[in-house]
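# Secondary and tertiary structure notes
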Amino acid sequence: GESVGLHLPTLSVQEGDNSIINCAYSNSASDYFIWYKQESGKGPQFIIDIRSNMDKRQGQRVTVLLNKTVKHLSLQIAATQPGDSAVYFCAEKSPYAGGYNKLIFGAGTRLAVHP
Amino acid sequence: KAGVTQTPRYLIKTRGQQVTLSCSPISGHRSVSWYQQTPGQGLQFLFEYFSETQRNKGNFPGRFSGRQFSNSRSEMNVSTLELGDSALYLCASSLSSQNRGKGEKLFFGSGTQLSVL
């Protein structure tokens, strides 16, 4: 089935702390996942992606962890900065789209970074 | 390289009217997808085009349609607008079709904010 976002939880952190944003995805057959960041008035901005043959991938200040057993993704942001304040979405590539790109988005988490 | 460009940025229409939104993908990108974003439903897939062909369609009524041109630019149309069509409409492009079966990152534009009165 399709995930539908109805709630927008908020994570509040202090500047310099590490942030962990969690996401539960829908389909055990999904094999590709992306994290996006959306700032007010802008479209989603790509952060990092991961394929299902991996359980961890690191970028600059960000790490994505994938736990296929419980269908869970997390995004870790190191040394969180005020510029990281935004809404973060996880997305999974639908396994029911003929192999083409159709993303199913989570509800999103608002990250608020306090100085 | 220029990003995904969507026009117009804002649009106000009344119920019953129709609207056309435009999207220019990143140069070299051949796949264009459209998503609707609302506070209540989040980001919902509308459709995806490649080489002027619709490859996938989301669960939206037939009032929502789209097309892609030979230069990969895309338009979406909503006819007989309803109040519930008020949303941010996002266009995203991706590089190629050769990665069928493999995911590839989508790059989004800033969207068209549609308000239906």
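For the structure, check the block above.
Here we summarise the structure given alongside this text. (Residues numbered from 1 in each chain as written. Chains lettered and ligands numbered in written order. Predicted model: local features only at pLDDT ≥ 70, side-chain atom pairs only at ≥ 80, totals over all residues. Heavy atoms only, no water.)

## Some words on the packing of aromatic side chains
Note the threshold: For Phe, Tyr and Trp, rings pair up if their centres lie within 6.5 Å, where Trp contributes its six-membered ring, and each pair is then called stacked (planes under 30 degrees apart), edge-to-face (over 60) or tilted (otherwise). Helical segments are the DSSP runs of H or I of at least four residues, strand segments are the runs of E of at least two, and each set is numbered from the N terminus.
Inspection of the entire model under this criterion finds 13 aromatic pairs over all chains. The interplanar angle of 45 degrees and the centroid separation of 6.4 Å between the aromatic rings of F46 of chain A and F107 of chain B together place this pair among those described as tilted. Remark: F107 of chain B occurs in strand 10 (residues 107-108) and F46 of chain A occurs in strand 4 (residues 45-51); the pair is interchain, linking two chains. Geometrically, the ring pair formed by F105 of chain A and F108 of chain B is edge-to-face, given 6.1 Å between the ring centres and 70 degrees between the ring planes.

## Observations concerning the nonpolar core
Going by this rule: Joining through side-chain atoms within 4.5 Å is the link that ties buried Ala, Val, Leu, Ile, Met, Phe, Trp, Tyr and Cys residues into a set, and such a set is a nonpolar core. For each residue, the accessible area found with a 1.4 Å probe, counting protein chains only, is set against the maximum for its type, and the residue is called buried under 20%, exposed over 50%, and partly exposed in between. Contact between two residues is taken to exist if any of their heavy atoms lie within 4.5 Å; hydrogens are not considered.
In this structure, W34, L46, F64, M76 and Y89 of chain B are the most contacted members of the largest nonpolar core, which totals 21 residues. At the level of elements, strand 3 (19-24), strand 4 (31-38), strand 5 (42-50), strand 8 (74-78), strand 9 (87-94) and strand 11 (112-116) of chain B are the ones that each hand at least two residues to this core. Those residues in contact with Y89 of chain B that lie beyond four places of it in its chain are Q6, L21, Y35, Q36, L46, F64, M76, G111, T112 and L114 of chain B. Core analysis: the second largest hydrophobic core is formed by 19 residues, V13, V64, L75 and C90 of chain A among them.

## What about the environment of G59 of chain A?
Structurally, G59 of chain A can be placed in the loop between strand 5 (56-58) and strand 6 (62-67). Separated by 11 residues in the primary sequence, G59 of chain A and I48 of chain A place their C-alpha atoms 6.9 Å from one another.

## Let's talk about the sheet that holds strand 7 (residues 64-68) of chain B
Residues and elements named next belong to chain B. We apply this condition: When DSSP finds two or more bridges between a pair of strands, those strands are recorded as paired. Fitted lines through C-alpha atoms serve as axes, helices being fitted only where they are in contact, and the angles separating the N-to-C directions of these axes extend from 0 to 180 degrees.
Sheet architecture is open: 4 strands sit in the order 1-3-8-7, paired in antiparallel fashion. Lying at the two open borders of the sheet, with one neighbouring strand each, are strand 1 (5-7) and strand 7. Geometrically, the sheet is characterised by an average inter-axis angle of 20 degrees between neighbouring strands, direction not taken into account. Judged from the 5 bridges that link them, strand 3 and strand 8 form a sheet pairing that is antiparallel. Among the inter-strand pairings, T20 is bridged to a residue of strand 8, identified as N77.

Treat this as a map of the structure, not an account of what it does.
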